[in-house]
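# Coordinates in review
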Amino acid sequence: ALFPAATFELYAPPAAAAEADEVHFPRVEVHHVPAGAGAWARTALRLALRRPSPTLILSGPRYLEARLFGLLWPLSDTIVVRAMDHFMLALNEARRSPGTD
């Protein structure tokens, strides 16, 4: 299995909330982040105080801001995607690659 022990934390802004709510995987924990810089700053602070973990940011149309946000905690293996299907396509492709069993 690909990343057999990994649990991903998915952070989604209001613009991507509907797509985030469609994620029904036991290893993906969805967190909705309210709109506004203050809400994202509080989220960044919480993440900075926790131990590193795989983090997924569903950016929607604000990809550049999400990439910059993800740089705040380099040890968390942050992945930023515009849409969940981008992430799922990458996982499916990795599963088909040799040596990922």
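Please refer to the structure placed before this passage.
Heads up: these notes are all about the structure in this document. (Residues numbered from 1 in each chain as written. Predicted model: local features only at pLDDT ≥ 70, side-chain atom pairs only at ≥ 80, totals over all residues. Heavy atoms only, no water.)

In this fold, Arg62 is placed in the loop between β3 (55-58) and α3 (63-70). Overall, Arg62 belongs to the exposed group, its relative accessible area being 52%. Separated by 47 residues in sequence, Arg62 and Ala15 have C-alpha atoms that sit 9.2 Å apart. Among the polar contacts listed, one links the side chain of Arg62 to the side chain of Glu65, at a separation of 3.3 Å. (Helix = DSSP H or I, 4+ residues; strand = E, 2+ residues; numbered from the N terminus. Buried < 20%, exposed > 50% of the residue type's maximum accessible area, 1.4 Å probe, protein only. Polar contact = N/O pair within 3.5 Å; in protein donor to acceptor, adjacent residues only side chain to side chain.)

Glancing now at helix α2 (residues 37-49). Here α2 contains 13 residues, and its C-alpha end-to-end distance of 18 Å stays within 8% of the 18 Å for a straight helix at 1.5 Å per residue. Those residues of α2 that sit buried are Ala39, Trp40, Thr43, Ala44 and Leu47. Each buried residue of α2 sits inside an arc of 140 degrees when the element is viewed along its axis, so together they form one side. Residues of α2 that are exposed and point more than 90 degrees away from the buried face comprise Ala37, Arg42, Leu45, Arg46, Ala48 and Leu49. Those residues of α2 that are buried lie in contact with β1 (8-12) and α3. (Expected span 1.5 Å × (residues − 1). Arc of directions from axis to C-beta. Contact = heavy atoms within 4.5 Å.)

Quick look at the pattern of salt bridges now. Scanning the entire structure with this criterion turns up two salt bridges. Residues Arg50 and Glu9 are paired through a salt bridge, measuring 2.3 Å at the closest nitrogen-oxygen approach. Taken together, the residues span a long stretch of sequence, with Arg50 in the loop between α2 and β3 and Glu9 in strand β1 at a distance of 41 residues. The class of Arg50 is partly exposed, set by a relative accessible area of 37%. The exposure class assigned to Glu9 is buried, which follows from its relative accessible area of 9%. (Salt bridge = Lys/Arg side-chain N within 4 Å of Asp/Glu carboxyl O.)

Sheet architecture is open: four strands sit in the order β2-β1-β3-β4, paired in parallel fashion. With one partner strand each, in any of the chains shown, β2 (28-32) and β4 (78-81) form the two edges of the open sheet. On average, adjacent strands in this sheet sit at an angle of 20 degrees to one another, irrespective of strand direction. When β1 meets β3, the two strands line up parallel, connected through three bridges. Directly across from Glu9, in β3, lies its bridge partner Thr55. (Pairing = 2+ DSSP bridges. Axes fitted to C-alpha atoms, helices over the stretch in contact; angles between N-to-C directions.)

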